[in-house]
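One letter stands for each residue in the lines below.
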Amino acid sequence: MIRLDRVTCRYGREPVLLDVAMVVDEGDFVGVVGPSGSGKSTLLKAIAGSIRPIAGTIARRKGLTIGYVPQVETVNWYFPVTVREAVMMARSGDRLLPWASRTERREADDVLDRLGLGGLGNRHIRELSGGQQQRVFVARALLGRPKLLLLDEPTSGVDVRTRHDVMHLIHDLHHEGLAIVLTTHDLNGVAAHLPRLICLNREVIAEGTPRQVIRPEVLERTYGAPLEVLSHGGMPVVIEQYPDLEAERAAQVLSFPEGHHEHA
Amino acid sequence: MDRLLEPFAYGFFRHATWVAVLAGGLCGLVGTYVVLRGMSYIGHGLSHAVFGGAAASFALGANFYLGAFTWGFVSALLIHAVARRRTIGADAAIGVITSVSFAIGIAIISVSGGFTRNFEAALFGNVLGVTVSDVLVVAGVALATGCIVFFRYRALLFATFDPEVAEVSGVGTKGIDATMAIVLASTITATMNVVGVMLIAAVLVIPPVIARLLTDSFHRMLWISVGTGALCGFVGVYLSYYLNWSSGATVVITAAVLFVAAYVVSTVRGRRIPDAGFEAH
């Protein structure tokens, strides 16, 4: 579907992506992990075609339709649009008339129903819960009938239950044949459950299954900080360590006399 | 009743009413996009830039509308180009380009023979002095803008709400930006003589803000904004006849009164003031 070959992108003088090579085929489900500023969102935008690389090539299969779901943090929630108006934006290029055709309305209703948003079409987007808001933008992407779905941090800023619902929906879409690339900060809750991961820090540090790439040496190169990895039920679990804080806490405990610990 | 209809017996007042209603509706339509794109300040700045073009065309003996429009369009494109580089903010780019343009206009006037009636009208508005051709120019710009909004409604909405995803989805956002620059420059040029350069930003911004306070739906906001703009134009010109106030100022004061009413209504209804809706995103 998509092949990136030695792709370099930059904002201003600083390269954000450096010599990135990556292939996405039909039915792939890829997670991109890395620290803030590592180029995850830029990689998605390069795949989507909204950023042009200054070096390297991006080859897309002819006629490939891409759905892009932005980070919800970037959405202007006070913009006056209802759920239906937001979803119908996917059909901006299809028809000159401003109002939706009967077919378009039916298709939009089908997508909204499928994502559990049926009956919410006339609500303002701000009036929805976190998970529903995320699903509105997935619905907009799906209405464009994509073959490849790009999701930028689909679970950021949501609670555990909502994250579970969103990931369940994304897995369902993958099982229906959509190729998916998503970015995430969440190594345990999201990345560890995906079939393939790319560790990114401007350049690709490692690529493979979670068990292949969620390893202390790879994570230290990716995040620049030591991370411990345990195994739980055959799945890697990342433990965050704060050696400085732990040493400070130990010192504080030692400096208080017996009986003052509870107050300290 | 005769007393109420008295002003309409005069041809100049009928022209004034037509042009004020058309200009108000046009500004309400264009202003919706201006406000939602976080460009409220560009309306204010561009009206000053257009004044520079009007002065230059006067000095060169060129057509007033052509000179003002060209100058405004080039200024709008320059603002977009400077703002895209992100080194300085869009507000600073607007401040530099439009202030310089306004200063050039003032300089040209000072060299070419002082402050004429035409420039006074351009600065402060003189709706009662409009001619049939002025009405036709505003009507033409309103019709063309209406057609652009009608046939590009979906793309304009997408590019206004979420330009990055719109670009990915095949909406040419650079083309939309250029279209908006043309529409804005045309609107300001055409309506300059009605409300004046100094007050035009208010007519562009207040009706959409009123509409935003009253609805959460984009298409309803568009209709309410157009209707409010047209109503402000009509009521403002009508009252200015009896109060003997400046027509432009009366239109803006009418809009301000409606804004206060909408603010009270939205507060009573418990709607939060959607301040973030007016910021760039």
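Scroll up to find the structure this text is about.
Values in this document were obtained by computation on a predicted structure and should not be read as measured data. (Residues numbered from 1 in each chain as written. Chains lettered and ligands numbered in written order. Predicted model: local features only at pLDDT ≥ 70, side-chain atom pairs only at ≥ 80, totals over all residues.)

Here strand β7 (residues 179-184) of chain A lies mainly inside the structure; six of its six residues are buried. Considered for its hand, the β-α-β crossover made up of strand β6 (residues 148-152) of chain A, helix α5 (residues 160-175) of chain A and β7(A) is right-handed. (Buried ≥ 20, exposed ≤ 12 C-beta atoms within 10 Å, placed from the backbone. Helix = DSSP H or I, 4+ residues; strand = E, 2+ residues; numbered from the N terminus. Right-handed = clockwise from strand over helix to strand, strands pointing away.)

The next thing to look at is the pairing of strand β10 (residues 227-232) of chain A. All names here are of chain A. Counting buried residues along β10, only zero of its six residues qualify, which leaves the element largely exposed. Looking at chain direction, β10 and strand β11 (residues 235-240) are connected through six bridges and run antiparallel. Across the sheet, residue Glu228 finds its bridge partner in β11, namely Ile239. Counted between consecutive antiparallel strands, the loop separating β10 from β11 contains two residues, among which Gly233 sits at a positive phi close to 60°. (Pairing = 2+ DSSP bridges.)

Residue and element names in this part refer to chain A. Within the open sheet, the six strands sit side by side as β5-β6-β7-β3-β8-β9. Their pairing is mixed. The sheet is open, and its two borders are formed by β5 (66-69) and β9 (203-208), each paired with just one other strand. Averaged over all pairs of adjacent strands, the angle between their axes in this sheet comes to 15°, without regard to strand direction. Relative to β7, β6 runs parallel, the two sharing five bridges. Paired with Leu150 across the bridge in β7 is Val181. Across the sheet, helix α7 (residues 216-223) touches β8 (196-201) and β9, and the angle it forms with β9 is around 155°. (Axes fitted to C-alpha atoms, helices over the stretch in contact; angles between N-to-C directions. Contact = placed C-beta atoms within 7 Å.)

Turning our attention to the interface of chain B and chain A. Each partner contributes to the interface: chain B provides 28 residues, whereas chain A provides 22 residues. Those elements that place two or more of their residues in the side of chain B that touches chain A are α7 (132-151), α8 (153-161), α9 (163-168) and α12 (218-243) of chain B. No other element matches α8(B), which puts six residues into the side of chain B that touches chain A. Classifying every residue of the side of chain B that touches chain A by side-chain character gives 16 nonpolar, six polar and six charged. (Nonpolar A, V, L, I, M, F, W, Y, C, P; charged D, E, K, R; others polar.)

Residue and element names in this part refer to chain A. Taking strand neighbours across the sheet as the criterion, the three strands line up as β2-β1-β4 in an open arrangement whose pairing is antiparallel. Unpaired on one side and paired on the other, β2 (14-24) and β4 (55-60) mark the two borders of the sheet. Averaged over all neighbouring strand pairs, the angle between strand axes comes to 25°, with direction disregarded. Both strand β1 (residues 2-11) and β4 contribute to a ladder of five bridges, which runs antiparallel. Paired with Asp5 across the strands is Thr57, a residue of β4. Contacting β1, β2 and β4, helix α1 (residues 40-48) crosses the sheet at an angle of about 60° to β2.

Note that every value here comes from positions in space, so none of it alone points to a role or purpose.
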